[in-house]
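Next come the chains, spelled out residue by residue.
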Amino acid sequence: MKILVVLRMIPDSAGELELTSDGRGIDREWLDFQLNDFDDHALEEAILLKEAVGATVVAVAIGEGSNRVLQMAVARGADEAVALEAEGDGIIESRAIASSIVALARSKAADLVLCGVQSTEDLFGQLVPYAGTLLGWPHVSGSSRLGIEGSALRVTQERGGGIAATYEIALPAVIGVQTASKAPRYVSGSKLREASKTAIGKAPSEPAGFERSAEIVALRLPGQRGTGENLGDNPENVAERLASILAAKGFAGV
Amino acid sequence: MRIVACTEGSFGKLEPFSLEMIAAARGAGVAGDEVVAFFAGQELEPAIANLGAADRLVAASAGNAELIAAESYARLLRDTVAAEEPDLVLVPYSANGLDVAGDLAARTGWPLVSYVNEIRRDGDRLTVVAQVYGGKILAECSVPLPAILMVNPGAFAEAERRSVDPSKLQHSDATAVVAEGKVRLVGVDVPSYDSVDLTTAERIVCVGRGIGDEASIDIARGLADILGAEIAGSRPVVDSGWLPKVRQVGKSGQKVKPKLYLALGVSGAPEHLEGMSKSDLIIAVNTDPKAPIFNVAHFGATCDLFDLVANLSERLQAASGR
């Protein structure tokens, strides 16, 4: 079995996001880029499948810091690393990169494409249904467990309200991972140093292939919708206020 | 303009966001527009009994599948879109919607915008507002029609619940479509609430990524015990295995409405807010003053959560000891 796993580098949303002067993008100059969290889980699930049933794992990364994350992927157990060329340096649109992922899935003869169920930048649609549909393969988004039963893939999907559905799918397929069966592993420095010698392949970006798309007119920071009270940043003061608020509302001393 | 509003339901219940899709469709249109509700599921009764605010209901009964796979739902929606030729299709942002919206967009080539909160008609286009970067930024987008929008649950008020007039119902049997699917349902797990049911808890202390590590959850648990609250976690905390799945709040966990919701180190991604924003009293502690959790919090603090929890626990214990 050959697994293609997609790793997207995205701006760290926990950091300060500032808009560009034209208001249509975020200022990327000083941003930290990190691996999309769901893609990290997809990588882990790929490695877990490899360990369970044997597989070749091809890691494909796109965006700022791709080489670094590909080395990490190899250190965790990926067999091959490919950096996908990005169009420009703006948002990584899943709608736009789907055709490139499809071309790679075909050229690498993948049986299974894994990626994170979403990214914080997939405003114009998610990679899983685009890639699955363009490949003509079944796709399931939001997996929390993957396994192989005979020649079929077993996928457990989170359906909300804590309900989980389990499906059986004949390969090939595209799966959007929400949570790996086990939490992503850490890798040692020595493994990372070893992996830094790995040759990283390059793949060109393919035209998106969609004639009409929505476009961003303007980005803005959400106004403070809530009318909540700011209690400040001094823990002692905050604790004192909260203790009296909780007492006043009948939540303390119970 | 004709708008197809996708709705969902399973286990005899309609998803409440189905009614929001009808309301969103009404809001996006102008007088004289037609709103067609689309439903696919095992039982049609919940749809027929509730979706009368739409002009028509197109419903496919999915035979024995107690939970219809997105693959089959998407195929049935495609048939409906081919027959109805709508200008706009609204899909809820749900587990099902994630597969369905992109499938339709890839096959039709129509534009798709996800995580939509607002829809406005702008001549022969739409202007929509969508959330990106975990709700930290709003993107105003211009969308040519026909188009597909994936709409956030909670962004629109529910349309009125009333039953569908029999003359407005178009019903088909989709058993064959479901049987042909490549994605075969082999089991459904409904969580066991023997140990805890957050949906009935009156007080919840929820920890997010900001708690840092598994050992620190005990510190939050200590405060929860003092408050008589259940401990809960956001998705990253549960994904890390620090708390069991039954204690997850949010889109893929539980939707809760306690009297007290204390969020410690929770950033408040849209998926989390969907699960708790209707709580009576929300108190949020996060060192990032721009964390979206503060948009729904009644009281917010940006101090170190460990210092706060230690200090607050001490005060509450002293008070209860009196």
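What counts and what doesn't
Residues numbered from 1 in each chain as written. Chains lettered and ligands numbered in written order. Predicted model: local features only at pLDDT ≥ 70, side-chain atom pairs only at ≥ 80, totals over all residues. Heavy atoms only, no water. Salt bridge = Lys/Arg side-chain N within 4 Å of Asp/Glu carboxyl O. Helix = DSSP H or I, 4+ residues; strand = E, 2+ residues; numbered from the N terminus. Buried < 20%, exposed > 50% of the residue type's maximum accessible area, 1.4 Å probe, protein only. Domains from an automatic or database assignment. Buried area = accessible area lost by both parts, 1.4 Å probe. Polar contact = N/O pair within 3.5 Å; in protein donor to acceptor, adjacent residues only side chain to side chain. Nonpolar A, V, L, I, M, F, W, Y, C, P; charged D, E, K, R; others polar. 1 Å grid on protein atoms, 1.4 Å probe; cavity = no way out; pocket = protein on both sides within 12 Å on 5 of 7 lines; lining within 4 Å. Points joined across faces, edges and corners; volume = space filled by probe spheres on them.

What follows covers the pattern of salt bridges. Residue and element names in this part refer to chain A. Counting across every chain of the model gives 35 salt bridges over all chains. In this structure, E80 engages K108 in a salt bridge whose closest nitrogen and oxygen atoms are separated by 2.5 Å. In this pair, E80 is assigned in strand β4 (residues 80–84) and K108 in the loop between α3 (94–107) and β5 (112–116), connecting sequence segments 28 residues apart. For E80, a relative accessible area of 26% gives the class partly exposed.

Looking now at the domain arrangement of chain B. Residue and element names in this part refer to chain B. Here chain B is described as being made up of domain 1 (2–180) and domain 2 (198–321). Centre-to-centre separation of domain 1 and domain 2, based on C-alpha positions: 33 Å. For domain 1, the biggest contributors to the area lost against domain 2 are Y93, G134 and K136; these three give 61% of the whole. Here domain 1 and domain 2 share one salt bridge between them. For D288, the salt bridge is made with K136, and the minimal N-O distance between the two is 2.9 Å. At the junction of domain 1 with domain 2, the criterion picks out three residue pairs in polar contact (both at pLDDT 80 or more). Looking at side-chain class alone, the side of domain 1 that touches domain 2 contains two nonpolar, four polar and one charged residues.

What follows covers empty space enclosed by the protein. In this structure the tally under the stated criterion is two cavities of 30 Å³ or more. In this model, the largest cavity occupies a volume close to 50 Å³. What lines the largest cavity is G9, S10, F11, G12, K13, F39, Q42, E43, P46 and E66 of chain B. In this structure, the second largest cavity spans a volume of roughly 40 Å³. Mapped onto the lining of the second largest cavity, the elements with two or more residues apiece are β6 (139–149) of chain A together with α3 (70–84) of chain B. Its residues assigned to classes, the lining of the second largest cavity comprises five nonpolar, two polar and two charged.

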